[in-house]
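Chains, contacts and geometry: an overview
Each chain is listed here by its residues.
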Amino acid sequence: MKDLASALSAANAAVFVKLGLDARHADVRRSDRPDLAEFQGNGAMAAAKAAGKKPQELASQIAAAWDAEALAPKPQVAGPGFLNFRVTEGALSDRARVIMGDARAGAALVERKRRVVVDYGGPNVAKGMHVGHLRASIIGESVKRIYRFRGDEVWGDAHFGDWGFQMGLMIVSIEDELGGLADKNALDAKLKTITLDYLEGAYPRAAAKAREDVSFRDRARKATAALQAGAEPHRTIWKAMHDVSMAAQKRDFASLGVNFDLWLGESDADPLIPDMVKDLEAKGLLEEDQGARIVRVARPGETKKKKLDDGTVIEVESPDPLLVVSSEGSAMYGTTDLATIVQRVRDQKPDLILYVVDQRQADHFEQVYRAAAKADYIAREALEHVGFGTMNGTDGKPFKTRAGGVLKLNDLIGQAEEKARERLREAEAEGRLAKDISPAEFEDIAHKVAIAAIKFADLSNFRGTSYVFDLDRFMSFEGKTGPYLLYQAVRIKSILRKAKAESLEPGAIEIAHEAERALALTLDGFNHALALAYDKKAPHFLAEHAYALAREFSAFYDHCPILTSEGAVRASRLALSGATLKQLTLTLDLLGIEPPERM
RNA sequence: GGCCCCGUAGCUCAGCUGGAUAGAGCAAGAACCUUCUAAGUUCGAGGUCGCAGGUUCGAGUCCUGCCGGGGUCGCCA
């Protein structure tokens, strides 16, 4: 199954070969001058350069030799040597029919299927989901769906943050609260009262205390090592915190529409650590350094300048070595990350592991990846950090609520839902909402609209850059927003429902009107958008496509009556609407967005 | 100080291996609801692509330098 750009490229390549030119330059793509052409080929200029010919002359020769007339008439030569194509109505209609009849709405599968683990979300035992977790969850979920849809075998793993120093902090925090851990009954009673809210409150306090109080910090570090050595009651306390937090996090993820195949965490990699350390030792990679054990990952000559506390500047290796065993004997997050690679190689045998994690951890992952490759656990190329930027407030600084605190995910969703309810009530008052909507459906719509607004706002930005989180803007529901996309999907559903009620059947698509042409061309662009999103691990290409599709449908809707037209035209437009709905729904699903039936 | 990212319309952002007249949305202006859901459509306006050089037939895109913003630099994750 080929999209039109691929078909044109193939036909153009045949012409290039016939003329003795390098077919590499034959690529044809959508034109960025829609006033001049639908598709453009730029290769004549590059080929002319290579052959020492005049670009315009060569372009004319190529145009003259073009013989795929069923696909497109001979291209126009324009400017310095562009080839401008306009596909035939027949080719476009055929393509639209194929998309309509295809469950994948025109999207191709990858040629070579891979096994891929997507590590994302990264919830923390002691931190409830707040806006800071949004990007990791939303982007990761979308990347996972995109990879799976293109045919790869994919596992999404939450990689729960349940094992480091933070656990030691919580343990000594509870110890101090109870005046010791000896009283089993007091401890049991305490553990029964633990909630995620409690952990969220106690953790920042303990972390702050550890920064100021050296002895408290040392106790926490020892407690961490003890937990990892399997000591009691550390293990019991950890289990209680872990279970309570996991249950709460699962609820939050479910509310966001984020689902993992593996709910593994750092603690699950722990059993592999002792053997891994022995293995690193055997391979001669482990070195003693300042009481800790490290793996050096810098190549010869890779250094950086570093300023010490006393102001002197020294030259040190770069990247920093990976800290495998702390001076206290405990595992660090790099240790668990490395052991998690060993675990995944054993269990999933992945060709690729994607880490959808904040860009700020780029250095850390570089250390881990190099160490993994050095130890021969997996190829360096099989590990990729899919980093994303921070979410800032309207002041350009990391997002905070008006009161200065962190906005909890639930509260954020709640605010968006409330805004959606207001909008729905307005529509109801103006008589634009169906009369028979039950309270349950009303709530379901409000939730879907809220989630769509939040997710689309995030996914329409390129993941790598930071973006401004502006609640009011996302919830205005106008223009390029999630609710707009839902609205277009719902309008199509409404039309198709009416058609069905009147027993009107879709028929063969015949592209005639300019608005139909534009819509069909956009439908054809799905495969390209999907391929880009896949290659670059960047869902915003699909967000852009969803918006373009919704916009073109809306123009088509305005210019081309569907139900009120007749015969073959009506049947064709119904089919075109059906194809659009299918592809729009699919695209939204790849973004993790679900449209309601009505709104 | 080393390394990484960013700087595009008043605001928020796109711009795929370098290609033609740099695109969207919001805000501000004009026109469209007795007709398939106006959370909509159509039209106009808005730009020294941070600055200065360089490579190229051609640079927002590649190279160098500078300015501005952010991030990061072993016992937190």
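Model, not experiment: these values are computed from the prediction.

Criteria and thresholds
Residues numbered from 1 in each chain as written. Chains lettered and ligands numbered in written order. Predicted model: local features only at pLDDT ≥ 70, side-chain atom pairs only at ≥ 80, totals over all residues. Heavy atoms only, no water. Helix = DSSP H or I, 4+ residues; strand = E, 2+ residues; numbered from the N terminus. Buried < 20%, exposed > 50% of the residue type's maximum accessible area, 1.4 Å probe, protein only. Contact = heavy atoms within 4.5 Å. Areas by Shrake-Rupley, 256 points an atom, 1.4 Å probe, with all protein chains shown as cover. Near = heavy atom within 4 Å. Polar contact = N/O pair within 3.5 Å; in protein donor to acceptor, adjacent residues only side chain to side chain. Nonpolar A, V, L, I, M, F, W, Y, C, P; charged D, E, K, R; others polar. pLDDT = per-residue confidence, 0-100. Patch = residues over 30% accessible without salt bridge, like charges linked within 9 Å, V, L, I, M, F, W, Y side chains within 5 Å. Salt bridge = Lys/Arg side-chain N within 4 Å of Asp/Glu carboxyl O. Domains from an automatic or database assignment.

Turning our attention to the overall build of chain A. Regarding its fold elements, chain A presents 22 helices and 15 strands. For chain A, the C-alpha atoms occupy an extent of roughly 85 × 70 × 45 Å along the three principal directions. Among the 599 residues that make up chain A, the fraction classed as buried is 53%. Long-range pairs, those at least 24 residues apart, make up 75% of the contacts in chain A between residues at least 6 apart in sequence. Of the accessible surface of chain A, which amounts to about 27,000 Å², a share of 51% is contributed by carbon and sulfur atoms.

Let's shift gears to the protein's contact with RNA strand B. Taken together, 72 residues lie near RNA strand B, and Arg-33, Phe-82, Ile-294, Tyr-487 and Tyr-557 sit nearest. Looking at RNA strand B alone, sugar and phosphate atoms form 58% of those within 4 Å of the protein. Contact between RNA strand B and Phe-462: a phosphate oxygen at 2.9 Å from a main-chain N or O atom of the residue. One nitrogen or oxygen atom from the side chain of His-528 is found 3.3 Å from a base oxygen belonging to RNA strand B. When grouped by side-chain class, the residues that make up the surface near RNA strand B number 30 nonpolar, 17 polar and 25 charged.

This part is about the confidence of the model for chain A. Overall, the prediction assigns chain A a mean pLDDT of 93, with 99% of residues at 70 or greater. Confidence, read as mean pLDDT per element, is least for strand E9 (residues 303-307) in chain A (77) and greatest for strand E6 (residues 153-157) (98).

Here we come to a nonpolar patch on the surface. Taken together, the side chains of Leu-323, Met-332 and Tyr-333 define a hydrophobic patch exposed on the protein surface, amounting to about 270 Å² of accessible area. The topology assignment puts Met-332 in the loop between strand E11 (322-325) and helix H13 (333-347). Residue class for Met-332 comes out partly exposed when judged on its relative accessible area of 33%.

Looking now at the domain arrangement of chain A. When the domains of chain A are assigned, the result is domain 1 (4-87), domain 2 (165-249) and domain 3 (409-590). Measuring from the centre of the C-alpha atoms in domain 1 to the corresponding centre in domain 2 gives 67 Å.

Within the secondary structure, Ala-223 sits in helix H9 (residues 214-228). In sequence terms Ala-223 and Ser-330 are 107 residues apart; their C-alpha atoms lie 9.5 Å from each other.

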